[in-house]
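What follows is the residue order along each chain.
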Amino acid sequence: MILRRKFIGSLLACVLLAVVSCTNNGDLLTMVPDDSALVVKINTHEVLAKAGISADNGPITVPEEIVVPFQTEVKGIDADAASYLFADASLEKAYCLFGLRDADEFAQSLAEASFVETLIGDVKVYELDGKVFGIYGDKCIAGTDGNAIAKLFEAGTKQKSISKDMSEALSGNDDMTVFTEGKVADRLLRNVVGARYGNMMGGIVSANGYVVSHVNFEKESVVVDVDLSHAESEPMRMLESVLEPMHGGKVLSMLPDGSTVSFGIGLNGEKLLKLPIMSVLSMAGMGNEEVKQKLNEALATIKGDVAVGLVYDAYSIVPKFTAVIESDDVPQLEELMVQLCKTYGISCEKRDGIYKVGPVMPGVELSFSERDGCFVVSNTQETRPSESKPDFKGNMLALHATTGESGSAVSYGLGSAVGADISGSLDFAIKDSKSMQFKGSIDDPESDNSLKSILKIISAMCESARYRNEAEDIDAEMPDMMAIDELQDIE
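This is a predicted model, so every value here is computed, not measured.

Got a sec to walk through the packing of aromatic side chains? Specific residues and values, please.
Inspection of the entire model under this criterion finds nine aromatic pairs. Both rings, one in Phe179 and one in Tyr210, keep their centres 5.2 Å apart while their planes meet at 35°; by these two values the pair is tilted. Here Phe179, found in strand S10 (residues 176–181), pairs with Tyr210, found in strand S11 (residues 210–217); they are 31 residues apart in sequence, far enough to count as distant. Comparing Phe179 with Tyr210 shows no difference in burial state: the two are buried. Pairing Phe428 with Phe438 gives two aromatic rings, centres 4.8 Å apart and planes at 40°, and the pair type is tilted. Of the two residues, Phe428 is situated in strand S21 (residues 423–432) and Phe438 in strand S22 (residues 435–443); the sequence distance between them amounts to 10 residues. By relative accessible area, which is 26% here, Phe438 ends up partly exposed. Following the ring pairs from residue to residue traces out a cluster consisting of Phe98, Phe106, Phe115 and Phe133.

An account of the pattern of salt bridges is requested, with residue identities and associated values reported.
Enumeration according to the criterion identifies 12 salt bridges in this entry. Note that Lys303 and Asp328 form a salt bridge whose closest N and O atoms lie 3.8 Å from each other. Linking Lys303 in strand S14 (residues 302–311) with Asp328 in the loop between strand S15 (320–327) and helix H13 (330–343), this pair joins segments that are 25 residues apart in sequence. Here Lys303 falls in the partly exposed class, since its relative accessible area comes to 34%. Given the relative accessible area of 54%, Asp328 is considered exposed. Through salt bridges with shared partners, a single network forms among Glu270, Lys303 and Asp328.

Go over the side chain of His400, please, and point to the residues and values.
Note on placement: His400 falls in strand S20 (residues 397–402). A polar side-chain atom of His400 sits 2.7 Å from a polar atom in the side chain of Asp427. Apart from residues no more than four positions distant in its own chain, His400 is found in contact with Thr260, Val261, Ser262, Pro390, Phe392, Ser425, Leu426 and Asp427.

Give a detailed account of the pairing of strand S1 (residues 38–43), specifying residues and quantitative values.
Working note: regular strand, side chains alternate between the two faces of the sheet. Burial analysis of S1 places six of its six residues in the buried class, which makes it a mostly covered element. Going residue by residue along S1, you find Leu38, Val40 and Ile42 tucked away on one face and Val39, Lys41 and Asn43 tucked away on the opposite face as well. Note that S1 and S10 share five bridges and pair antiparallel. Directly across from Ile42, in S10, lies its bridge partner Met176. In terms of strand pairing, S1 meets strand S4 (residues 82–87) through six bridges, oriented antiparallel. In the sheet register, Lys41 faces S4, and the bridge partner there is Tyr84.

Which residues make up helix H8 (residues 234–242), and what values go with them?
Listed as buried for H8 are Pro235, Met236 and Val242. Considered in projection along H8, the buried side chains sweep an arc of 130° and stay on one side of the axis.

Which residues make up H13, and what values do they have?
Taking 1.5 Å of rise per residue, the 14 residues of H13 would be expected to cover 20 Å, and the 20 Å separating its terminal C-alpha atoms lies within 8% of that figure. Positive phi shows up at Gly345, right after H13, with a value of about 70°.

Which residues make up the pairing of S22, and what are the values?
Here seven bridges tie strand S12 (residues 221–227) to S22, and the two strands are oriented antiparallel to one another. Bridge pairing in S22 places Val222 opposite Gly440. With nine bridges joining them, S21 and S22 adopt antiparallel strand pairing. Bridge pairing in S22 links Ile430 to Met436. Joining the antiparallel neighbours S21 and S22 is a turn of two residues.

Requested: an account of the environment of Ala155, with residues and values cited.
Here Ala155 is to be found in helix H4 (residues 146–158). When the C-alpha atoms of Ala155 and Val32 are compared, they prove to be 9.2 Å apart, with 123 residues separating the residues in sequence.

Please set out the environment of Gly394 residue by residue, giving values where relevant.
Take Gly394: it is sitting in the loop between strand S19 (374–378) and S20. Gly394 sits in the partly exposed class, given a relative accessible area of 36%. Taking the C-alpha atoms as reference points, Gly394 and Gly266, separated by 128 residues in sequence, lie 8.9 Å from one another. The residues touching Gly394, leaving out its near neighbours within four places in the chain, are Pro245, Met246 and Lys431.

Describe the confidence of the model for the protein, listing the residues and the values that go with them.
Detailed reading of the predicted model is not advised wherever pLDDT is low. Confidence along the protein averages 76 in pLDDT terms, with 70% of residues attaining 70 or more. Low confidence marks residues 19–26, where pLDDT is under 50. Its contacts with residues over four positions away, or in another chain, come to 40 contacts. Contacts for the low-pLDDT stretch residues 405–419, under 50 throughout, to residues beyond four places or in other chains number 31 contacts.

Conventions and cut-offs
- Residues numbered from 1 in each chain as written.
- Predicted model: local features only at pLDDT ≥ 70, side-chain atom pairs only at ≥ 80, totals over all residues.
- Heavy atoms only, no water.
- Phe/Tyr/Trp six-rings, centres within 6.5 Å; stacked < 30°, edge-to-face > 60°.
- Helix = DSSP H or I, 4+ residues; strand = E, 2+ residues; numbered from the N terminus.
- Buried < 20%, exposed > 50% of the residue type's maximum accessible area, 1.4 Å probe, protein only.
- Salt bridge = Lys/Arg side-chain N within 4 Å of Asp/Glu carboxyl O.
- Polar contact = N/O pair within 3.5 Å; in protein donor to acceptor, adjacent residues only side chain to side chain.
- Contact = heavy atoms within 4.5 Å.
- Pairing = 2+ DSSP bridges.
- Arc of directions from axis to C-beta.
- Expected span 1.5 Å × (residues − 1).
- pLDDT = per-residue confidence, 0-100.

Rendered as structure tokens:
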């Protein structure tokens, strides 16, 4: 965990640095170690403009709300082409490589910011508060270890080329392009999925391949297209074997208005039953063969779209939800629900064509019924259709989350991070076994584009982490107040 925090901290600092650092030197990529497991290419000309940072062959002026490891005006950096972030497979350290228009001017900027200069071999090293810049000729590497940076320069000057895979992956003109070796991509995706579920799924990405992610910033959103065509993914192949492209119409129209999270899949129940994991899911019958049989029969009727809408309420532990399932035989699904209620001793009665169930837990009741040829189950009476439906058509699996009126996890990650009036949404989609897409939309009244908002959020999160670390240090020196209270009570 400590190593992960150090890496994330180093990577965030390098991302902020790379936004203001670039070069037109054609040989920069050959300086990146060929065994790097993670490489990020930044199209700086575009990114600088989108971040609202002025360069124009003069001093680079960074907006005050974006925190960088030096003063807000930097001289000597060549801001015409690409820069690179890279790390090895351990992900313990990250580095940023960029070119210099005038090495002396850049060194002067560092000196004016109180960086201390030393010489390691032929590399000039500047250090301040754990931040290190190494200058060699017209190139600079930023990191946290001067000796490691000097070794990178020594190895880079001897390296004439890099792997064909890495070179081809980083040849595009996206705002950012991320090359990730399979073993690292698998680790990062497991962190996204969650350790427990990631381990259940097995290797998300084969260690033998690599993943390429294309990142582009639009006015109010950032789009990340993940290309898995160069890496085998058993879980993705498994999904493609049971999922089909969604129609994206009827089931989404039945989700209640105000849904802050909408989830959809295109499911073929007959294919799903052929998966080995279904033998585990059949344990839902707790040894009851009748329930198992009805479960299998009901799943086989699901052929079409399945959608779930959640409405988060800050005052409720359980979110309101509505699930809509396209089925060839809705009565089969109703019969399964009735059987499950009977097996587990839960009240279930039918009134006016709607089954009422529960409570299944304190304060939570369910209802289910047939509606327009679909099976609908819900824990809320709010059935007003959503006026603005997400577009899931053509995706095997998709998710849309928005801040909504009651807030959600999205609002916590945006507004709470910076203490500002920021809202937005997050979209995730899997089109097939070889591609997935993330899209984050940001509504920030204080920024005119998504990248500036993201940098502001990252800066605020880094500042918050620094504040918490200082608070933890203070707490460590504080006496045990509980023990003091207990002594006072004894007296």
